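In case you want the letters, here they are:
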Amino acid sequence: MERPCKKVKIIDEIQSDWLSNLPDHIIHHILSLMDTKFAVGTCVLSKNWRYYWTNIHTLSFCRSSFVDSQVFYDFITHVLHHRNHLKLLKLEIDCSKSAISDKITSLVFEYAISHGFEELDTNMIYLPKTLFRYKSLKTLKTVCYFKYSCFATLTTLELYYVMLDPKKDTFAGCLNLQNLQLIQCDVEGVSGVYNISAPRLLTLQISDFLPSRGRIVIKAPRLKFFTLNAINPPRLSMDRCRSLEKVNVHLFPFMDYDDNTIFNKFSFNHMAYYDDKAMQYYVFRMRMIAMCRGISRVKSLTLSLNLSHQETWKEKLVFAFHMDEDFDRKKLGRAVAEIASEELSDLQKRLLEDSRSAVAEKELPSIEEQILEMKKIVPPLWKMKAKTPRS
Amino acid sequence: MASSSSSSSTQVKKITLKAADGKHFEVEEPVAMEMETVKSFFVGNEDAMKDMVVPLLNVSSEHMPAILDFYRNHSEFRKRTPPPPAEEVKAFNEAFLENKSDEQLMEMIMAANFLNTKELLNFLTEAAANRIKNKSVEYVRAFFGIENDFTPEEEARIRAENEWAFDGLDED
């Protein structure tokens, strides 16, 4: 390699000549953050730069950057052949638009495994068998369903659009798993209960878990942080999560706000008037109560509702609560449901008054300001809400 | 100097940092300790904090206020319960880079590297990567201040050797 050796220059020169002094490891890092195709392209910048790309720590191959799979294959061969034999940190393969051949796959994975990679991020539908015998993977983002516990060292797992098997306790064998994200995953069949158990899990995020039926049972004795993004509140059971500190729930209730029938016609005690919207609202409220029962062990709970029309995603925080000792946990569900219902109706009214909802949305303070507000008002509000809402 | 100002300020300890161009900055201790370089300066010598001035050779005074602001905000983000929403952090980070030229970004990367703070360095290098992603050869040369020392023949040869990297790219 004919790269000239850079010497540490004296301070005055660094001040005046900073351009040529960006340290090599930083340039390698910057090039590692991009599509490898672009990183390789920097070889024409200057003599100094000719081989910078060969030190990248992440390989990022995107099939759609190439006209056909033969060019893609040639490029990958070229990169693997010329990259310096340094440890590889991460492998990204994006083949969203077209499949890639077994030949390319095995070539890339053999290289990654022999260079001790720790992180894999791919949307490939099939992963090669050799990977499952590899023991050093720490972070995995995938769209595939398989026995994740075959990676004993796995600490972070992100699953996208995966169809989970309700009969199996999918994550129980992942003994070192600390972070789990389920994004738009679903469960096969119409099972009643889906179990998530993981002995060392610290953070869990579930977004748009599709099955609306059934119940999610989480058994994670060390779980501290749980984030849930959902359209409507799911049924949850988290009694076995004894370390739970914070739960953040973001809901995007799917309701029709365009007319005021829900709130005017509907009364909780008299179902005579219910139409579809009223039913939606009733179900939402019942689900809210059921969900809160499942997470009553938590020390701090925040709930935000996004009731805006689709174009603005501004959320309204409706509940931030620090559970203290004398808090009656059994009543949590009802209290939250009451507050949420009130917010729903308030917001709906405002949206109606101001049919150009964008104006109303802009007036919403940030979630932080709302939390501060909430902390001031929630304790008295809670006492008020503790009395029965039906009269 | 820390003792003289103690009448007005609270009990928070201050550390004096000296930028490359000689300008002094008085910084609260927890903020200063975000910088590994400053932290290691005092390892085993904590008593020196009061009267030592820490020279920061690669950091110009132009960038000090912004960098200190970054530490203050991000350490507050880390402490906050519940954690701040991603949009708030993003908004702060975007504002931080607004109106910063490529040259200023580079200088700050050098500073973050010298101060040895991973969070700031990761954030700035990612910003640099985003600025050059999919840009033309000329643009990237200008960005890094690189002078093309290839002859046209050499450049053509290297392009040919790495032809796959240029497949489908528009040249300009």
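Here is what the cut-offs are and how they apply
Residues numbered from 1 in each chain as written. Chains lettered and ligands numbered in written order. Predicted model: local features only at pLDDT ≥ 70, side-chain atom pairs only at ≥ 80, totals over all residues. Heavy atoms only, no water. Helix = DSSP H or I, 4+ residues; strand = E, 2+ residues; numbered from the N terminus. Buried < 20%, exposed > 50% of the residue type's maximum accessible area, 1.4 Å probe, protein only. Contact = heavy atoms within 4.5 Å. Areas by Shrake-Rupley, 256 points an atom, 1.4 Å probe, with all protein chains shown as cover. Salt bridge = Lys/Arg side-chain N within 4 Å of Asp/Glu carboxyl O. Buried area = accessible area lost by both parts, 1.4 Å probe. Polar contact = N/O pair within 3.5 Å; in protein donor to acceptor, adjacent residues only side chain to side chain. Nonpolar A, V, L, I, M, F, W, Y, C, P; charged D, E, K, R; others polar. Domains from an automatic or database assignment. Axes fitted to C-alpha atoms, helices over the stretch in contact; angles between N-to-C directions. Parallel < 35°, antiparallel > 145°, perpendicular 65-115°, else oblique. Left-handed = near helix turned anticlockwise from the far one by under 90°. Pairing = 2+ DSSP bridges.

Student: Can you walk me through the overall build of chain A in this structure?
Tutor: Helix and strand content of chain A: 10 helices and 16 strands. Expressed as a percentage of the 391 residues in chain A, the buried residues total 49%. Considering only contacts within chain A whose residues lie at least 6 apart along the sequence, 48% involve residues at least 24 apart. Looking at chain A as shown, the accessible area adds up to about 19,300 Å², and 54% of this sits on carbon and sulfur atoms.

Student: Would you take a moment to explain the pattern of salt bridges for this structure?
Tutor: Oppositely charged side chains are able to pair whenever their charged atoms sit close together. Residues and elements named next belong to chain B. Scanning all chains against the criterion turns up 18 salt bridges over all chains. Here Glu 34 makes a salt bridge to Arg 78, at a shortest N to O gap of 2.9 Å. Taken together, the residues span a long stretch of sequence, with Glu 34 in the loop between helix H1 (29–32) and helix H2 (36–41) and Arg 78 in helix H3 (residues 64–79) at a distance of 44 residues. Residue Arg 78 is classed as partly exposed on the basis of its relative accessible area, which comes to 49%. One salt-bridge network, in which partners are shared between bridges, spans Glu 138, Arg 141, Glu 155 and Arg 159.

Student: Sorry, what's going on with the interface of chain A and chain B here?
Tutor: The extent of an interface is frequently quoted as the accessible surface area lost upon association of the parts. Each partner contributes residues to the interface: chain A has 39 residues there, and chain B has 47 residues. Interface area for chain A against chain B, summed over the two sides, is near 3,800 Å², with a carbon-plus-sulfur share of 70%. Arg 50 of chain A is the partner of Glu 161 of chain B in a salt bridge, and the nearest nitrogen-oxygen pair spans 3.1 Å. Summed over the shared surface of chain A and chain B, the number is 6 residue pairs in polar contact (both at pLDDT 80 or more). Among the residues forming the side of chain A that touches chain B, the class breakdown is 22 nonpolar, 10 polar and 7 charged.

Student: Hey, could you run me through the domain arrangement of chain B in this one?
Tutor: Residues and elements named next belong to chain B. Taken domain by domain, chain B comprises domain 1 (4–132) and domain 2 (137–166). Distance between the C-alpha centres of domain 1 and domain 2: 36 Å. The interface is formed by 6 residues belonging to domain 1 together with 4 residues belonging to domain 2. A per-residue breakdown of the area domain 1 buries against domain 2 is headed by Asp 102, Met 106 and Ile 132, which together make up 82% of the total.

Student: Which parts of the structure should I look at to understand the packing of helix H5 (residues 102–115) of chain B against helix H6 (residues 118–132) of chain B?
Tutor: For any two helices packed against each other, the geometry comes down to the angle between their axes and how far apart the axes lie. Residue and element names in this part refer to chain B. At a minimum axis distance of 9 Å, the contact between H5 and H6 shows a crossing angle of 150°. Relative to H6, H5 is oriented roughly antiparallel. Judged by the twist between their axes, the crossing of H5 over H6 is left-handed. Here Asp 102, Leu 105, Met 108, Ile 109, Ala 112 and Asn 113 of H5 come into contact with H6, specifically with Leu 120, Leu 121, Leu 124, Thr 125, Ala 127, Ala 128 and Arg 131. Looking at side-chain class alone, the contact of H5 with H6 contains 9 nonpolar, 2 polar and 2 charged residues.

Student: I tried to follow the sheet that holds strand S13 (residues 235–237) of chain A on my own but got confused; where do I start?
Tutor: Sheet strands line up and pair through hydrogen bonds in the backbone, either parallel or antiparallel. Residues and elements named next belong to chain A. An order of S9-S11-S13 is seen for the 3 strands of this open sheet, with the pairing classed as parallel. Looking at the sheet topology across the chains shown, the edges are occupied by strand S9 (193–197) and S13. With strand direction ignored, the average angle separating the axes of adjacent strands in the sheet is 20°. Sheet analysis places strand S11 (residues 215–219) next to S13, joined by 3 bridges and oriented parallel. Across the sheet, residue Val 217 finds its bridge partner in S13, namely Ser 237.

Student: Whenever I open this one, unusual backbone geometry confuses me. Can you help?
Tutor: Most of the time, phi is negative for any residue but glycine, and the peptide bond is trans. All names here are of chain B. Positioned with a positive phi, Asn 99 is a non-glycine residue whose angle comes to about 65°. Counting through the fold element by element, Asn 99 comes out in the loop between helix H4 (86–97) and H5. The class of Asn 99 is exposed, set by a relative accessible area of 74%. Of note in the backbone geometry, Asn 134 takes a positive phi value of approximately 60° without being a glycine. Here Asn 134 shows up in the loop between H6 and helix H7 (137–144).

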